[in-house]
Amino acid sequence: MYINSMGIYVPQGRVSNEHFFNVNGLTSEWIEQRTGIKTRSKAAADENVDTMAIAAIENAVKTLPYDVKEVGLIVAAHYCAYDTVATVAHKAQRYFGINGAKAVYASSACSSFINGLEIIEGYFAMGKADKALLICSEQNTYYSNESDPKSGHLWGDAAVAYFISKERQDEKDIKILDVYTEGLGDLGKGPGGVCLRPKEDGITMPDGRDVFIHACRYMIHALNNSLKNAGLERNDISRFICHQANKRIVAQVAHQLDLGMERFINNIEELGNTGSASAPLVLAQNVEGIEKGEKVALMVFGGGYSCGCFIVEK
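Rules used throughout
Residues numbered from 1 in each chain as written. Predicted model: local features only at pLDDT ≥ 70, side-chain atom pairs only at ≥ 80, totals over all residues. Heavy atoms only, no water. Pairing = 2+ DSSP bridges. Helix = DSSP H or I, 4+ residues; strand = E, 2+ residues; numbered from the N terminus. Axes fitted to C-alpha atoms, helices over the stretch in contact; angles between N-to-C directions. Contact = heavy atoms within 4.5 Å. 1 Å grid on protein atoms, 1.4 Å probe; cavity = no way out; pocket = protein on both sides within 12 Å on 5 of 7 lines; lining within 4 Å. Points joined across faces, edges and corners; volume = space filled by probe spheres on them. Nonpolar A, V, L, I, M, F, W, Y, C, P; charged D, E, K, R; others polar.

(A) Spatial organisation of the sheet that holds strand β12 (residues 295-302). Spatially, nine strands are ordered β5-β4-β6-β7-β1-β8-β13-β12-β11 in an open sheet, and the strand pairing comes out mixed. Of all strands in the sheet, those bounded by a partner on one side alone are β5 (102-106) and β11 (239-242). Recorded for the sheet is a direction-independent mean angle of 20 degrees between the axes of neighbouring strands. Inspection of the sheet shows strand β8 (residues 174-183) paired to strand β13 (residues 306-313) by eight bridges, in the antiparallel sense. Bridge pairing in β13 links T181 to G308. This element, helix α10 (residues 278-286), spans β1 (2-9), β7 (157-165), β11, β12 and β13 of the sheet and lies at about 75 degrees to β7.

(B) Molecular detail of empty space enclosed by the protein. Counted according to the given criterion, the structure contains three cavities of 30 Å³ or more. Approximately 60 Å³ is the volume attributed to the largest cavity. Forming the walls of the largest cavity are V15, F20, R40, K42, T141, S144, E146, G152 and W155. Put simply, the second largest cavity is a space of about 50 Å³. Lining the second largest cavity, in full, are V49, D50, H78, A81, Y82, D83, T84, T87, V88 and Y105. The residue makeup of the lining of the second largest cavity, split by class, is five nonpolar, three polar and two charged.

Here it is, written out as structure tokens:
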């Protein structure tokens, strides 16, 4: 598979660490030391999951080497939702006039984007599509409770859109070397590690320590499996991108892999935890700085639990 174009949308609004002292009693220094976050992105009052997704797609269309109407499959893969009936996939189909395409919505918490890639891989293998649009849009602040001292200060908003094809469309296409996912709902706190109950207490993280331990362990597990599938060694990878949940998790993963933090690309300092959009967003934001022929591994972990990794070559 090949990435033909990537688009992003990051709201202009930023919420600083200082904001939370009067809300939940946490100091800026405490938040930064434990999470690495300095500010987080926040959607405006007139923005939502759908509007951010459309903006990210419009950004991607600018460099798309074919007509958007050639897309045969639209996959919305994320956990925040403005409407779970008329999904982002269907809104995108209507907005861009992508007649006849299949449109589906899938969620696996913060690993949703990579599960979306695997869904596309399956449709391509079955011959049911050869061009796809993968959308991930998260408005965490719509659900988060800022007064929650455990996780209210973590969340940011953003959207990404990738156009994917079965065959190469342009010399600038980025090759996807492997896609690996795994459900981990039977481990640790599993389905209770991170929760989103809109009518109750919104998005919460009842046991951050359990999430931390399993995220570190299973992002590496996913990486190792993906490397094996692709016939690669760890040293073949130039740069690494982790799910941007907590910079201490990234540092621990780097330590366990015996790699310097300079090999890891992050955006959590400015944007906070943008959920399943975070890792693909980092790649899209930094792709121009990656040299031709370099390989990048993206590792994710989702509450629920689940993990995944995909490896690309520019």
